[in-house]
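Notes for the structure review
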Amino acid sequence: AARESWSLREGELPKERKKPEQKVLFLERTRGSEILFGIAPCSMALSQSRRDLFRLFLKQSSGSPRFVMNELVLQAMARGVPVHHLSRRELNALCKGQVHQGVCMEAGPLRFKSLEEAERGDLGDEESPNRQVIWLVLEHIQDPMNLGALLRSAYFLGVDRVITSQRNSCPLTPTVSKASSGAVEVFDVYSTDDLQSFLKAKSEEGWEVVGTVSKPEDVENVPVINCTEFEWNKPIIVVIGSEGEGISLETQLLCHRMLAIPPGRALHPGIESLNVSVASGILLHSICSQRQRRAD
């Protein structure tokens, strides 16, 4: 792989009390690589075969449990990934001051899978008439922390597929991996550049398309129901909109129903909605728990 000169000079390090004769860290970095950070993302990436992995960086005299670091070293050795020990300042510079927990890794980027791969994918007994399938569609989610939290919730709660709109959406960055606690390293994420056509096609196949809204009064021509009243017995797609604007009007009009979370009190103006990842976790739990009850 092509490598490029890469140095972390004094001015690039987080501001701390200067020490005499600070050394400059010179590294040869693989062109196009990125720096994963955090124990869970690095461990999950090492345990899978979804990224190119180049080097593992561990903090000298790490405060993390020794068995955790030993396990990372063993995983790296099994994959043939070189291990380097760096100071805290050097690790801080590698990940630009993010919370790394004493672990960083140089790796190739993780990319979205195509929508065609989602359609071909094997979900086991998905075609069974008793199988309740749920796909999550994310339209224009731009904050990497929100995207990571959404993917973590979707993975935990049992969502079968996650599909994002290609335009105006956050890529699968190291920050997304950290916010997902490594879930993105094991959970495929798909992407489409024509979200409306995709939703129309699935609707014609018999799927129910369900949107989400924070203010029911903003919705026209689509029925809005309390999420606790929603029942489903066919494959569904749950659409989550962007942090600021919610679901676009074009997508909203393709939904069969819209779901809203009822507040627990009279709300003060300006505090009338939830963070998108929090709201999505509540909605997904309400929906996915029906599938669990039916399985019981």
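About the thresholds
- Residues numbered from 1 in each chain as written.
- Predicted model: local features only at pLDDT ≥ 70, side-chain atom pairs only at ≥ 80, totals over all residues.
- Heavy atoms only, no water.
- Helix = DSSP H or I, 4+ residues; strand = E, 2+ residues; numbered from the N terminus.
- Areas by Shrake-Rupley, 256 points an atom, 1.4 Å probe, with all protein chains shown as cover.
- Pairing = 2+ DSSP bridges.
- Axes fitted to C-alpha atoms, helices over the stretch in contact; angles between N-to-C directions.
- Contact = heavy atoms within 4.5 Å.
- Salt bridge = Lys/Arg side-chain N within 4 Å of Asp/Glu carboxyl O.
- Buried < 20%, exposed > 50% of the residue type's maximum accessible area, 1.4 Å probe, protein only.
- Phe/Tyr/Trp six-rings, centres within 6.5 Å; stacked < 30°, edge-to-face > 60°.
- Patch = residues over 30% accessible without salt bridge, like charges linked within 9 Å, V, L, I, M, F, W, Y side chains within 5 Å.
- Lys, Arg positive; Asp, Glu negative; His and termini not counted.
- Charge placed at Lys NZ, Arg CZ, Asp CG, Glu CD.
- 1 Å grid on protein atoms, 1.4 Å probe; cavity = no way out; pocket = protein on both sides within 12 Å on 5 of 7 lines; lining within 4 Å.
- Points joined across faces, edges and corners; volume = space filled by probe spheres on them.

1. Regarding the overall build of the protein chain
Check the secondary structure of the protein chain and you find nine helices and 14 strands. Summed over its atoms, the accessible surface of the protein chain is roughly 15800 Å², and 48% of this surface lies on carbon and sulfur atoms.

2. Brief notes about the sheet that holds strand β6 (residues 103-107)
Read across the open sheet, the four strands follow the order β3-β6-β4-β5; overall the sheet is mixed. Lying at the two open borders of the sheet, with one neighbouring strand each, are β3 (34-37) and β5 (83-86). The average angle at which neighbouring strand axes cross in this sheet is 25°, direction not considered. In the sheet, strand β4 (residues 53-59) pairs with β5 via four bridges, with the strands oriented parallel. Residue pairing across strands places phenylalanine 57 opposite histidine 84, the latter belonging to β5. Sheet strands in contact with helix α1 (residues 39-47) are β3, β4 and β6, and its direction is about 45° off that of β6. Sitting on the sheet, helix α2 (residues 66-79) is in contact with β4, β5 and β6, with an inclination near 160° to β4.

3. Some remarks on the pattern of salt bridges
Side chains carrying opposite charge are able to pair once their charged atoms draw close together. Scanning all chains against the criterion turns up seven salt bridges. Between glutamate 106 and arginine 55 there is a salt bridge whose closest N-O contact spans 2.7 Å. Highlighted residues: glutamate 106 in strand β6 and arginine 55 in strand β4, separated in sequence by 51 residues. Each of Glu34, Arg51 and Glu185 takes part in salt bridges that share partners, so that together they form one network.

4. Some remarks on the environment of glutamate 71
The residue glutamate 71 is located in helix α2 in this model. With a relative accessible area of 43%, glutamate 71 lands in the partly exposed category. Once the C-alpha coordinates of glutamate 71 and serine 43 are considered, the two residues, 28 residues apart in sequence, prove to be 8.6 Å apart.

5. Some details on the packing of aromatic side chains
The geometry of two aromatic rings is summed up by the distance between their centres and the angle between their planes. Going through the model one piece at a time under the given rule, you end up with three aromatic pairs. Seen from their ring centres, tryptophan 135 and phenylalanine 198 are 6.3 Å apart, and the 5° between their planes marks the pair as stacked. Within this pair, whereas tryptophan 135 is found in strand β8 (residues 134-138), its partner phenylalanine 198 is found in helix α7 (residues 195-204), the two being separated by 63 residues in sequence. Taken together, the aromatic side chains of Trp135, Phe198 and Trp207 make up a single cluster linked through ring pairs.

6. Points about the pairing of strand β14 (residues 257-260)
Both strand β11 (residues 208-212) and β14 contribute to a ladder of three bridges, which runs parallel. Each residue of the ladder has a partner; that of glycine 211, found in β14, is methionine 258.

7. Examining a negative patch on the surface
A cluster of acidic side chains, namely Glu116, Glu117, Asp193 and Asp194, defines a negative patch on the protein surface. Within the secondary structure, glutamate 116 sits in helix α4 (residues 115-120).

8. Some details on the sheet that holds strand β12 (residues 224-226)
The eight strands are arranged β7-β10-β9-β8-β13-β11-β14-β12 in an open sheet whose pairing can be described as parallel. The sheet is open, and its two edges are formed by β7 (113-114) and β12, each paired on a single side. In this sheet, β14 lies alongside β12 in parallel orientation, the contact comprising three bridges. Bridge pairing in β14 places isoleucine 225 opposite leucine 259.

9. Points about the layout of surface pockets
Volume-wise, the largest pocket comes out at about 930 Å³. In terms of lining residues, the largest pocket is bounded by 35 residues, among which Val213, Ser214, Lys215, Ser273 and Leu274 are the most central. Elements represented by at least two residues in the lining of the largest pocket include exactly β14 and α9 (276-295). Sort the elements by how many residues they give to the lining of the largest pocket and α9 lands first, with four residues.

10. Some thoughts on a nonpolar patch on the surface
A grouping of Leu274, Val278 and Ile282 is seen on the molecular surface, where their side chains present a nonpolar patch of about 240 Å² in accessible area. Among the structural elements, leucine 274 can be located in the loop between β14 and α9. Note on leucine 274: relative accessible area 45%, which makes it partly exposed.

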